[in-house]
Amino acid sequence: MTRNIVVGVLALQGAFNEHFKLLRKASPEIAIGQDRNWEFVEVRTAQNLDRCDALIIPGGESTTVSLVAARSNLLEPLRDFVKQVQNFSLRRRPTWGTCAGLILLAESANRTKQGGQELIGGLDVRVNRNYFGRQTESFEAELALPFLGPKDSIGDIKPFNGIFIRAPVVEKVLPVIRGEQASERAIDETVVAPSRSPEGGMMEHVLRPVEVMATLPGRSRTFRDNVAAMGGEDEVGDIIAVKQGNVFGTSFHPELTEDARIHVWWLQQVKDMTQRQERT
Amino acid sequence: MAINDSPVAPSTSTSSSNSAPTPTSTLTSTSTSTQANAPSTTTNPPNFTVKDGLAKMFKGGVIMDVVNASQARIAEEAGACAVMALERVPADIRADGGVARMSDPSLVREIMAAVTIPVMAKARIGHFVECQILQALGVDYIDESEVLTPADDAFHVEKHAFRTPFVCGCRGLGEALRRIDEGAAMIRTKGEAGTGDVVEAVRHMRTVTAEINRARGMSDVELRGYAKELNAPFRLLKEAAELGRLPVVNFAAGGVATPADAALMMQLGCDGVFVGSGIFKSGDAAKRAAAIVQAVTHFRDPAVLAEVSTGLGEAMVGLNVGRLAEGEKMAGRGW
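Residues numbered from 1 in each chain as written. Chains lettered and ligands numbered in written order. Predicted model: local features only at pLDDT ≥ 70, side-chain atom pairs only at ≥ 80, totals over all residues. Heavy atoms only, no water.

Residue-level account of the overall build of chain B, with values.
When you go through chain B residue by residue, the secondary structure sums to 15 helices and eight strands. Out of the 335 residues belonging to chain B, those deemed buried represent 60%. Within chain B, contacts between residues at least 6 apart in sequence are counted, and of these 69% link residues at least 24 apart. For chain B, the exposed surface amounts to about 12300 Å²; the carbon and sulfur share of it is 52%. (Helix = DSSP H or I, 4+ residues; strand = E, 2+ residues; numbered from the N terminus. Buried < 20%, exposed > 50% of the residue type's maximum accessible area, 1.4 Å probe, protein only. Contact = heavy atoms within 4.5 Å. Areas by Shrake-Rupley, 256 points an atom, 1.4 Å probe, with all protein chains shown as cover.)

Structure follows, in structure tokens:
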């Protein structure tokens, strides 16, 4: 007896309808068996979230989403959803955040509002919010996304139109540790997500390291120098997509394009993870 | 979305005497090399995707009028998805009379420094130099607004040439499509600002919806006739008819004063809500602001609406739009 795979899109504020449009376009490409369908639902309450096997946190204003989530009694359920403690181990459920969603899924973030903001966590990274600046610095760029094709065909993959709106970036990949990122908490004006580690000291055997899925090369020299002067930690190119176990984040907005390739790829991941879970 | 047949780059714009974006220094000083390499496969005017994109990020949110940094902080803590900087809220503009203009840049800068959410600011209709100034200040959106005293009684600003996106008001579909044609990346129904009376916002939202519904299912010939009637560009009218909605994000504005007003506008089909005088002219601004934010998220859930509407203290006193003389209405400004 199998049931539908239910994918929720957090619908508190932002571009959630745009994700539904691409999910509907992508889903016919990933068959999940007879008598079994993809089901896409808006998530505004803990009851909505309870039904979900996977979740998308869309673009929007991350400050708004975290405040509304807290006032709608959804913040803790979201944390429990992404980092589920089960049988003394921590399981990260399939979750994808775009732009504001990436900020909320980070274990650490800076340049937030005065007084900081609540994070959900799930990705051991530090995100620099609005890294690229204000709206006049928003831009589009052709992205090479290796994960969209087999490893030997990287050169053949059609570039993806990356849309960056007041976009964040992964400033630093953090060590995978149990509990909250305490060393990050010590940094000025940086907020961290609360711990969801199982009590009793069991190893988190399912925790994986953070994989960098895409970078944006070619920032102008001036811009990079400005960032260095501001104390940012420069990496080779800017990290704009990361994955850690089941949790995926992009600083750009695939939902603002008509290109469903990333949604197809992600639904395949959701299918694989769900079936793996069902077998155990 | 196809708006212009040929995209016009800001530097080559010679089409009109009233466009004139700011000198290139503000346009290029922070641009990255990736912008220059952006794909040119789209028929959209330059940057329209990111202009429309930011508007989509506002959806399901509340944008609040603020006149100083402390109000902006209250709005941010309440969960506003953006703030609108202006010198006086519409209720005070009504009470004070006189010419209402763009805010002093020091106020805009102060507000931008106080919050990390997007900051919008108002310019007078047709006042392209106020728009150049706001772009140079780095605001995230410009509202070419009937709430301020119009600077031009025939023309609106040519908005495609600016890098900063624009939102404009409308009373019906024709006005909305004219503004989009000029380059607005976001529309708001006008309502009647500074009154606390939602009746005009409802009228304008219903008018837009009814006119789009009428256009749906029309043949091209019929649409050409209807475009003349509405004084709207045929291409955009056809697009709205096919989409069954405006081709850009559409917020409600002008008279929203309670969580129930905000949810009413959402149920009538708008994408989000502007609240002007309704918040800072009420008894408990912080509480009311947060309640309106919750109401816009949970707009279909009467139990939540009942809870957030409870004990908000005094709403703004309000003016009955029916008693306003025609000359006192702001919505009629715009051509």
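Past the structure itself, the notes keep going.
Quick rundown of the confidence of the model for chain B? Include the residues and the values.
In the predicted model, chain B carries a mean pLDDT of 88, and the fraction of residues at 70 or more is 87%. The ipTM assigned to the predicted complex is 0.91, against a pTM of 0.89. (pLDDT = per-residue confidence, 0-100.)

So what about the interface of chain B and chain A? Which residues, and what values?
In this assembly, 44 residues from chain B lie in contact with 47 residues from chain A. Carbon and sulfur atoms supply 53% of the area buried between chain B and chain A, which totals about 3700 Å² over both sides. Across the contact surface, chain B and chain A share four salt bridges. Notably, a salt bridge pairs A:Lys113 with B:Glu77, separated by 2.8 Å at the nearest N-O pair. Connecting chain B to chain A are 26 residue pairs in polar contact (both at pLDDT 80 or more). Examining the composition of the side of chain B that touches chain A, we find that eight residues originate from one element, helix α3 (residues 48–58) of chain B, more than from any other. Here the side of chain B that touches chain A is composed, by residue class, of 18 nonpolar, 17 polar and nine charged. (Buried area = accessible area lost by both parts, 1.4 Å probe. Salt bridge = Lys/Arg side-chain N within 4 Å of Asp/Glu carboxyl O. Polar contact = N/O pair within 3.5 Å; in protein donor to acceptor, adjacent residues only side chain to side chain. Nonpolar A, V, L, I, M, F, W, Y, C, P; charged D, E, K, R; others polar.)

Break down the pattern of salt bridges for me, with residues and values.
Residue and element names in this part refer to chain B. Throughout the structure, instances matching the rule amount to 38 salt bridges over all chains. When the shortest N-O distance is used, the salt bridge between Asp 52 and Lys 56 registers 2.8 Å. Here the residue Asp 52 and the residue Lys 56 both occupy positions in helix α3, the gap between them amounting to four residues, near one helical turn. Classification of Asp 52 as buried rests on a relative accessible area of 11%.

An account of the UniProt feature "binding site: D-ribose 5-phosphate" (unreviewed entry) in chain B is needed here, citing residue identities and associated values.
Residue and element names in this part refer to chain B. In this structure's numbering, the residues bearing the UniProt feature "binding site: D-ribose 5-phosphate" (unreviewed entry) are Asp 65, Gly 194, Gly 255, Gly 276 and Ser 277. Spanning 213 residues, the named residues form one tight spatial group whose C-alpha atoms are at most 12.3 Å apart. Taking relative accessible area as the criterion, Gly 255 reaches 8% and is therefore assigned buried. Residues contacting Gly 255, with those up to four places away along its chain left out, are Glu 192, Thr 195, Gly 196, Asp 197, Val 198 and Asp 261. Along the polypeptide, Ser 277 turns up in helix α13 (residues 277–280). Ser 277 has contacts with Asp 65, Val 89, Pro 90, Ala 91, Gly 194 and Met 316, leaving out every residue within four places of it along the chain. (UniProt positions renumbered as here; feature names shortened; annotations may be inferred.)

Which residues make up the packing of aromatic side chains, and what are the values?
By the definition in use, this model includes 15 aromatic pairs over all chains. With centroids separated by 4.9 Å and ring planes inclined at 80°, the aromatic side chains of A:Tyr131 and A:Phe132 adopt a geometry described as edge-to-face. A relative accessible area of 4% means that A:Phe132 is categorised as buried. Considering the side-chain rings of B:Phe58 and B:Tyr141, the 5.7 Å spacing of their centres and the 65° angle between planes classify their relative orientation as edge-to-face. Taken together, the residues B:Phe58 in helix α3 and B:Tyr141 in strand β4 (residues 141–145) connect sequence positions 83 residues apart. Since its relative accessible area comes to 2%, B:Phe58 is described here as buried. An aromatic cluster of three or more residues is present, and its members are A:Tyr131, A:Phe132, A:Phe139, A:Phe160, A:Phe164 and A:Phe252. (Phe/Tyr/Trp six-rings, centres within 6.5 Å; stacked < 30°, edge-to-face > 60°.)

For unusual backbone geometry, give the residues involved together with the corresponding values.
Residues and elements named next belong to chain A. Residues other than glycine seldom take positive phi values, yet Asp 35 does so here, at roughly 55°. By the element assignment, Asp 35 lies in the loop between α1 (16–26) and β2 (38–43). Residue classification places Asp 35 among the exposed positions, given a relative accessible area of 76%. Here the phi dihedral of Arg 166 falls at roughly 40°; this positive angle occurs in a residue that is not glycine. Assignment of secondary structure puts Arg 166 in the loop between β10 (160–164) and β11 (169–173). Look at Arg 166 and you get buried, because its relative accessible area is 7%.

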